[in-house]
Amino acid sequence: MWKQNLLLGAALVSANTMADVRYADAPVRSVEPIVETVSYVEPKERCWFEDVPVSTVSHSATTPLLGALIGGAIGNAVGHKKRNKQVGAVVGALIGGSIAADISREEGRHRVASSRRARREVCEVVDETSYRREVTGYLVTYEYAGQTYQSRMRKRPGDYVRVRVTVGPA
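This part is about the overall build of the chain. Assigned secondary structure in the chain consists of 3 helices and 4 strands. Going from the N terminus to the C terminus, the chain shows its helices and strands as α-β-α-α-β-β-β. Long-range contacts, defined as pairs at least 24 residues apart, comprise 78% of the intrachain contacts of the chain with a sequence gap of at least 6. When the accessible surface of the chain is summed, it comes to about 13,700 Å², and 56% of that surface belongs to carbon and sulfur atoms.

Another point: the sheet that holds strand 1 (residues 21–53). Taken in spatial order, the 4 strands line up as 3-2-1-4 in an open sheet, and their pairing is antiparallel. Of all the strands in the sheet, the pair left with one neighbour each is strand 3 (147–153) and strand 4 (160–166). Averaged over all pairs of adjacent strands, the angle between their axes in this sheet comes to 30°, without regard to strand direction.

The next subject is the pairing of strand 4. Burial of the side chains of strand 4 is restricted to one face: Val161, Val163 and Val165 are buried, whereas none of Tyr160, Arg162, Arg164 and Thr166 on the reverse face is. Bridge count for strand 1 against strand 4 is 7 bridges, and the pairing is antiparallel. The residue of strand 4 that forms the bridge with aspartate 25 is arginine 162.

Taken together, the side chains of Val91, Ile95, Ile99 and Ile103 define a hydrophobic patch exposed on the protein surface, amounting to about 350 Å² of accessible area. Looking at the element boundaries, isoleucine 103 is found in helix 3 (residues 85–112).

Among soluble globular proteins, nonpolar side chains are generally buried collectively. Grouped together as the largest cluster of nonpolar side chains are 8 residues: Ala26, Val28, Tyr138, Val140, Tyr142, Val161, Val163 and Val165. The residues contacting valine 140, other than those within four sequence positions of it, are Val28, Ser30, Tyr149, Gln150, Ser151, Met153, Pro157 and Val161.

Here we take up the pattern of salt bridges. By the definition in use, this model includes 5 salt bridges. A salt bridge links glutamate 143 to arginine 29; the shortest N-O distance between them is 3.3 Å. Residue glutamate 143 is found in strand 2 (residues 117–144), and its partner arginine 29 is found in strand 1; the two are separated by 114 residues along the sequence. Residue aspartate 51 is joined to arginine 119 by a salt bridge in which the shortest nitrogen-to-oxygen separation is 3.1 Å. With aspartate 51 in strand 1 and arginine 119 in strand 2, this residue pair connects regions lying 68 residues apart in the sequence. When its relative accessible area of 57% is taken as the criterion, arginine 119 is described as exposed.

Here we take up the pairing of strand 2. Bridging between strand 1 and strand 2 involves 25 bridges; their strand directions are antiparallel. Bridging across to strand 2, tyrosine 40 finds its partner in serine 130. In this structure, the hairpin formed by strand 2 and strand 3 is closed by a connection of 2 residues, where alanine 145 is found at a positive phi of approximately 50°.

Further remarks concern unusual backbone geometry. For alanine 145, which is not glycine, the phi torsion reads 50° and is therefore positive. Considering the arrangement of structural elements, one finds alanine 145 in the loop between strand 2 and strand 3.

Our next topic: the environment of arginine 152. Position of arginine 152 among the secondary structure elements: in strand 3. The sequence separation of arginine 152 and valine 140 amounts to 12 residues, and the corresponding C-alpha distance is 6.1 Å. In terms of polar contacts, arginine 152 uses its side chain to reach the side chain of threonine 136, at 3.1 Å.

Rules behind the numbers
Residues numbered from 1 in each chain as written. Predicted model: local features only at pLDDT ≥ 70, side-chain atom pairs only at ≥ 80, totals over all residues. Heavy atoms only, no water. Helix = DSSP H or I, 4+ residues; strand = E, 2+ residues; numbered from the N terminus. Contact = heavy atoms within 4.5 Å. Areas by Shrake-Rupley, 256 points an atom, 1.4 Å probe, with all protein chains shown as cover. Pairing = 2+ DSSP bridges. Axes fitted to C-alpha atoms, helices over the stretch in contact; angles between N-to-C directions. Buried < 20%, exposed > 50% of the residue type's maximum accessible area, 1.4 Å probe, protein only. Patch = residues over 30% accessible without salt bridge, like charges linked within 9 Å, V, L, I, M, F, W, Y side chains within 5 Å. Salt bridge = Lys/Arg side-chain N within 4 Å of Asp/Glu carboxyl O. Core = buried A, V, L, I, M, F, W, Y, C linked by side-chain atoms within 4.5 Å. Polar contact = N/O pair within 3.5 Å; in protein donor to acceptor, adjacent residues only side chain to side chain.

Printed below as a string of structure tokens:
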């Protein structure tokens, strides 16, 4: 039974406290903007041009074929008095083709190191921080019941601010 009385008393106190809340309009005496430096980070694209080497590798089969023909002719000439001169021609062609391929690769290597260059655009995204001075709120001085109060508010108030007044035992 005592628990029920306790709950009933707590409910009455809460109801009484809620009933003693009132609102009033207090005149505004001054408003000062609060100015702060605010930073903003914005992604920006930065682009520039770079010189890059141009590789000019030849994919022509002329040099290896020419080497194979010359090698085949030499192999045929060397083995002209032999019974198996076709074998000499084939071996000569293979060796000549291999030598010609090596020469072709060497020429290609020198061409890559040539002074020809091309311009290419390169871009990257970087974060750029900027700072601005902004009004972030207002310091409002108002008067109520002969007392002066200050409060920070997000928006600029008009001539009056609404205040909550709570009356209770001291």
